Amino acid sequence: RKEVEQDPGPFNVPEGATVAFNCTYSNSASQSFFWYRQDCRKEPKLLMSVYSSGNEDGRFTAQLNRASQYISLLIRDSKLSDSATYLCVVNLFGNEKLTFGTGTRLTIIP
Amino acid sequence: NAGVTQTPKFRILKIGQSMTLQCTQDMNHNYMYWYRQDPGMGLKLIYYSVGAGITDKGEVPNGYNVSRSTTEDFPLRLELAAPSQTSVYFCASTLAGARAETQYFGPGTRLLVL
């Protein structure tokens, strides 16, 4: 089983719609969780951290379910500029390495 | 701050040639990383360093070498290029504490081995 698994998509979503991605992780000792965004032919950039209580940043909401070992990302009122690949990232406490999922590709359709 | 810079942006190598991918950061980060990303795939860790003089293997280190003589620089060396090393290479850095912090990535080096 992969350490971090994501649905690769692609997700083709009309502008203004709500879209959600899930990501599962295999190591129950994982402590830190992130969503990164990667535009085509660009470097990954941190979108948001994921906290146990869930967190929201504008149109983006991230949730963590430790019991089921999954992380979710919800994008509301999607914009054309949201088109990108979204990478789920996991870290073990005290470990200097991050483990990246293969990414979910999202395309927002006008 | 320039952040993380990488050179070259693009390179074509012949099988068996060698080259060094350069990575420099000006944020005084102690941790630095090299990843490769194959088309449609996630990032795989090649090597990483937790400080000057200290390096360690990641998930896919074979065919690569690194050094970390200064805090700022973390070059990646390919000794005998093979077609399997065709990929996009990203360097990243972070200021690590008790909780993993954001990794800042360079713009990448696209390598084609023919």
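All values reported here derive from a predicted model rather than from experimental measurement.

1. Considerations on the packing of aromatic side chains
For the coordinates displayed, the defined rule picks out 12 aromatic pairs over all chains. For the ring pair F100 of chain A and F105 of chain B, a centre distance of 6.0 Å and an interplane angle of 80° mean the geometry is edge-to-face. Highlighted residues: F100 of chain A in strand β10 (residues 98–100) and F105 of chain B in strand β10 (residues 104–105), drawn from two different chains. For the cation-ring pair, R68 of chain B lies above F74 of chain B, with the distance from its terminal atom to the ring centre recorded as 6.0 Å.

2. Some points on the pairing of strand β9 (residues 84–92) of chain A
Residues and elements named next belong to chain A. Within β9, seven of the nine residues are buried, which leaves it mostly tucked inside the rest of the structure. Where β9 and strand β11 (residues 104–109) come together, three bridges link them in antiparallel fashion. For Y86, the partnering residue across the bridge sits in β11 and is T104. Pairing of β9 with β10 involves three bridges; the strand directions are antiparallel. Residue pairing for β10: V89 is matched across the bridge by F100.

3. Some thoughts on the pattern of salt bridges
Tallying each qualifying case throughout the model produces seven salt bridges over all chains. In this structure, E56 of chain A and R76 of chain A form a salt bridge, with 3.4 Å as the shortest nitrogen-oxygen distance. On the criterion of sequence distance, the pair formed by E56 of chain A in strand β6 (residues 55–57) and R76 of chain A in the loop between β8 (70–75) and β9 is long-range, its members being 20 residues apart. Looking at E56 of chain A, the relative accessible area reads 57%, which means it is exposed. Since its relative accessible area comes to 25%, R76 of chain A is described here as partly exposed. Between R36 of chain B and D38 of chain B there is a salt bridge, with the nearest N and O atoms lying 2.9 Å from each other. Take R36 of chain B: its relative accessible area is 11%, and that puts it in the buried class. Overall, D38 of chain B belongs to the partly exposed group, its relative accessible area being 24%.

Criteria and cut-off values
Residues numbered from 1 in each chain as written. Chains lettered and ligands numbered in written order. Predicted model: local features only at pLDDT ≥ 70, side-chain atom pairs only at ≥ 80, totals over all residues. Heavy atoms only, no water. Phe/Tyr/Trp six-rings, centres within 6.5 Å; stacked < 30°, edge-to-face > 60°. Helix = DSSP H or I, 4+ residues; strand = E, 2+ residues; numbered from the N terminus. Lys NZ or Arg CZ within 6 Å of the ring centre and 35° of its normal. Buried < 20%, exposed > 50% of the residue type's maximum accessible area, 1.4 Å probe, protein only. Pairing = 2+ DSSP bridges. Salt bridge = Lys/Arg side-chain N within 4 Å of Asp/Glu carboxyl O.

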